[in-house]
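Summary of the model geometry
Letter by letter, the chains look like this.
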Amino acid sequence: MIFTARHAIGGPARGQALVAHDGFSARYDLDRIRGVFSRPSHKLAGQSYVGKVLVLDTAKGGVATAWMLHEMASRGVVPLAIVLNSVNPILAQGAAFGGVTLLAGFDGDITAQVPHGATVEIDPARRTLRVC
Amino acid sequence: MRLNDLERAMLAGELGAAAKAAIEHQVKVGEFFGAADFVPVTQAHIMADTESLGEAGVRWVESLGAQGGRVRVPTITDPRGTDFAKAGVLKHPAWIVDLERRTVDAFKTLGVLMTDTCINYQTIQAPARGERVAFGDTGVVIYANSVCGARSNYEGGPSAVAAGLTGRTPRYGFHLDEHRRATLKVQVSFQPKTLNDWGALGGLIGRLAGNYWAVPYVEGLERVPGSDELKHFGAAMASFGSIALFHLAGITPEAADSPLKVSHRIGEGDVKALQAAYAGEDEIDVVVFSAPQLSLYELRSLAALCDGRRFARPLLAVTSPQVKPDADRLGLTKRIEDAGGHVLSGMCFYQSYAREIAEANGWKRLATNSVKLVNILGGYGYVPLLASMERCVQAAESGRLPR
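Owing to the predicted nature of the structure, the values given are computational and were not obtained by experimental measurement. (Residues numbered from 1 in each chain as written. Chains lettered and ligands numbered in written order. Predicted model: local features only at pLDDT ≥ 70, side-chain atom pairs only at ≥ 80, totals over all residues.)

**Brief notes about the overall build of chain B**
Using the following cut-off: Only DSSP runs of H or I with at least four residues qualify as helices, and only runs of E with at least two residues qualify as strands; both kinds are numbered from the N terminus onward. When we talk radius of gyration, it's over C-alpha atoms, and the globule rule is simply 2.2 Å times the number of residues to the 0.38. What counts as a contact here is a pair of residues whose C-beta atoms, placed from the backbone, lie within 7 Å.
Counting its secondary structure elements, chain B contains 17 helices and 13 strands. Here the C-alpha radius of gyration of chain B, 21 Å, is about what a compact globule of 403 residues would show, namely 22 Å. Principal axes of the C-alpha set define a box for chain B whose edges measure 65 × 55 × 35 Å. Considering only contacts within chain B whose residues lie at least 6 apart along the sequence, 79% involve residues at least 24 apart.

Written out as structure tokens, the structure is:
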């Protein structure tokens, strides 16, 4: 299965997908020291995001993610890539600044099409996500 | 992206390494969103608390100054991660204070004005209708776009720094007419009274609208809200939905008649349900008024509620460095602190190492009238409780939220 996004930034990535139809904000949702989702109401609460491809619905919350991806990357406690149905400028700015691969904007709900736990391959130059 | 001569010179490094790094970042973001070119901005506003920047972000800002970077337009800052005068009250350790000081020095080197406020539209300079700005706090952006009719995207810290250094931003999102039109119509039958009602209504609309590109058009409000009410309404909407622009029928400047059919209705039951989601505990550890920072009028209301009380729990009221001297001069700070509260300045609770101060002070159950704050603090390990300012003050005195 190959999905094509409308927007892409960053380098190629291959890893395990964590999938939920929830939003994403580094400040609201993550314990960035322990590297886990910490917002109690988030479907991925308690799970480690380090080195994972996060497949989620949309960017939520405030502007802090624009700094935080860079800070998380500096400590190696960062997702491998982020894949969203819709993106806000903060995620794009944060991915550009932090060097995190980002894909956004698909035909259909990407969180309903990528199986949780699957290995996926992302090619930002082609704006594609492939389920291996 | 189409670049003019100045922008090409920046990209070529002719205006220095910092301007080059800034415009390279902006081109990446602009191309991601398909921006045709840049628009000049009149001011930039940087969200830059050190919990977000970390050591790595601080080093980056320092490097820009070392490379000779200087801002080209007035550039101001969002709240800091501490109040230097009250770091002891919060039990902020020395490393936090030191990192904050380094950040302040680094921004000063760039020529940034350390205003440390998320209510700059009340205290520094509200933008005019159509004015293009690069604002970096969701509450500031939604207020500037919706209430002032100015034009800004969410400019996260690195992008707002870049906009200050280049004096421009990529033309995408809310700089374009087509993204400023309403995308959903909400009929409201509930008339908010308290600030927390306004926040709850804003939060509900934000949750319904759901993402950055949604622009709610709201009908049914029976009176024109004041600036503090719109502040809480917008900040909560932005927090719950990542929303950057709303229109209020007959009230906000770009609320032209919308041909959309009503897609959502919100009544009293919906607002009460959101408020009830942040109820359930009686005992509290701390009361916080913050997010956004309090205006002089909010501090006036708070001081009146504090008169004659003696608090059993810490009560923190957070305002801007512009409002604080007036609150001091007018005796409001003294009235709040005589009851045992603290008036803090230049920070915001959730941007000030909320997890570390919870652990240092043993704070878990936190009462506030800010819907934005209750939405954020769950992820930091708090049990956030929402109540009116009056009930929060009563809770500070008795240690329990009154039913």
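**Some points on the overall build of chain A**
Put simply, the rule reads: Three exposure classes are used. Buried residues have 20 or more other C-beta atoms within 10 Å of their own C-beta, exposed residues have 12 or fewer, and partly exposed residues fall in between, all C-beta atoms being placed from the backbone.
The helix and strand inventory of chain A stands at three helices and 10 strands. Its helices and strands in sequence order give chain A the pattern β-β-β-α-β-β-β-α-β-α-β-β-β, from N to C terminus. What you see for chain A is a C-alpha radius of gyration of 13 Å, in line with the 14 Å of a compact globule of 132 residues. Projecting the C-alpha coordinates of chain A onto the three principal axes gives extents of approximately 35 × 25 × 25 Å. In chain A, buried positions account for 61% of the 132 residues. Intrachain contacts of chain A at a sequence separation of at least 6 include 73% that bridge at least 24 residues.

**A few points about unusual backbone geometry**
Cis geometry marks the peptide bond from A291 of chain B to P292 of chain B, where omega comes out at 0°. With respect to the helices and strands, P292 of chain B occurs in strand β9 (residues 286-294). Located in the positive-phi region is R127 of chain A, a residue other than glycine, with phi close to 60°. For R127 of chain A, the position within the fold is in the loop between β9 (119-123) and β10 (128-131). A positive phi angle, close to 60°, is found at A291 of chain B, a residue other than glycine. Inspection of the secondary structure assignment puts A291 of chain B in strand β9. C-beta crowding within 10 Å serves as the criterion here: with 29 such atoms nearby, A291 of chain B is assigned to the buried category.

**Regarding the sheet that holds β10 of chain A**
Residue and element names in this part refer to chain A. In plain terms, the rule: Strand pairing requires that DSSP identify at least two bridges connecting the strands. Here, axes are lines fitted to C-alpha atoms. For helices the fit covers the stretch in contact, and angles between N-to-C directions go from 0 to 180 degrees.
Strands sit in the order β1-β10-β9-β3-β6-β7-β8-β2 across an open sheet of eight strands; the sheet is mixed. Whereas interior strands pair on both sides, the edge strands pair on one side only; in this sheet they are β1 (2-4) and β2 (7-9). Taking each pair of neighbouring strands and ignoring which way they run, the sheet shows an average axis angle of 25°. Pairing analysis gives three bridges linking β2 to strand β8 (residues 101-104), with the strands arranged antiparallel. Looking at β8, one finds that A8 is bridged to L103.

**Digging into the domain arrangement of chain B**
All names here are of chain B. Our working definition: Segment limits for the domains were obtained from an automatic or database-derived domain assignment.
Taken domain by domain, chain B holds domain 1 (5-177), domain 2 (181-275) and domain 3 (278-398). Relative to domain 3, the C-alpha centre of domain 2 lies at a distance of 25 Å. At the junction of the two partners, domain 2 supplies 15 residues and domain 3 supplies 17 residues. Residue assignment for the side of domain 2 that touches domain 3 shows that the elements contributing at least two residues are α9 (195-209) and α10 (227-241).

**Looking at the interface of chain B and chain A**
Formally: Side-chain classes are defined by residue name, with Ala, Val, Leu, Ile, Met, Phe, Trp, Tyr, Cys and Pro counting as nonpolar, Asp, Glu, Lys and Arg as charged, and the others, Gly among them, as polar.
If you look at the interface, chain B gives 30 residues, while chain A gives 32 residues. Looking at the side of chain B that touches chain A residue by residue, the classes come out as 11 nonpolar, 17 polar and two charged.

**Describing the confidence of the model for chain B**
Where the model shows low pLDDT, its predicted coordinates should not be examined in detail. Worth spelling out the cut-off: A residue's pLDDT is the predictor's confidence in that residue, given on a scale from 0 to 100.
The predicted model of chain B averages 97 in pLDDT, with 100% of residues at 70 or higher. With pTM at 0.96, the complex prediction returns an ipTM value of 0.92.

**Considerations on the pairing of strand β3 (residues 13-19) of chain A**
Residue and element names in this part refer to chain A. Summarising the sheet, β3 and β9 pair through four bridges and their orientation is antiparallel. Bridge pairing in β9 links R14 to E121. With three bridges connecting them, β3 and strand β6 (residues 53-58) associate as parallel partners. Along β6, the bridge assignment pairs V19 with V55.

**Comments concerning the sheet that holds strand β6 (residues 216-219) of chain B**
Residue and element names in this part refer to chain B. Pairing is parallel across the open sheet formed by four strands, whose spatial order is β7-β6-β5-β8. Edge strands, defined here as strands with exactly one partner in the open sheet, are β7 (247-248) and β8 (262-266). Here β6 pairs with β7 via two bridges, running parallel. Bridging from a neighbouring strand, Y217 pairs with H247 of β7.

**Looking at helix α8 (residues 157-166) of chain B**
Three- or four-residue spacings in an α-helix give side chains the same orientation, since the helix completes a turn every 3.6 residues. Of all 10 residues in α8 of chain B, 10 are buried; the element is thus mostly enclosed. Directly beyond the C-terminal end of α8 of chain B, a positive phi value near 75° is found at G167 of chain B.

**Details of the pairing of strand β5 (residues 184-188) of chain B**
Residue and element names in this part refer to chain B. Inspection of the sheet shows β5 paired to β6 by four bridges, in the parallel sense. Within the sheet, the bridge partner assigned to V186 lies in β6 and is V218. In terms of strand pairing, β5 meets β8 through four bridges, oriented parallel. Its bridge partner being in β8, V186 is matched across the sheet by H264.

**Some words on the environment of A112 of chain A**
Here A112 of chain A shows up in the loop between β8 and β9. Sequence separation of A112 of chain A and G98 of chain A is 14 residues, and the distance between their C-alpha atoms is 27 Å.

**Regarding the packing of helix α3 (residues 89-98) of chain A against helix α2 (residues 17-32) of chain B**
Under the convention used in this document: In these notes the angle categories are as follows: under 35 degrees is roughly parallel, over 145 is roughly antiparallel, 65 to 115 is roughly perpendicular, and the rest is oblique. Left-handed describes a crossing whose near helix is turned anticlockwise from the far helix by less than a right angle; the clockwise case is right-handed.
Contact geometry for α3 of chain A and α2 of chain B: axes closest at 9 Å, N-to-C directions at 135°. Taken together, the axes of α3 of chain A and α2 of chain B are oblique relative to one another. Considering only the axes of α3 of chain A and α2 of chain B, their crossing is right-handed. For the pair α3 of chain A and α2 of chain B, the contacting residues are P89, A92, Q93, A96 and F97 of chain A in the first and H25, K28, V29 and F32 of chain B in the second. Of the residues contributing to the contact of α3 of chain A with α2 of chain B, the split by class is six nonpolar, two polar and one charged.

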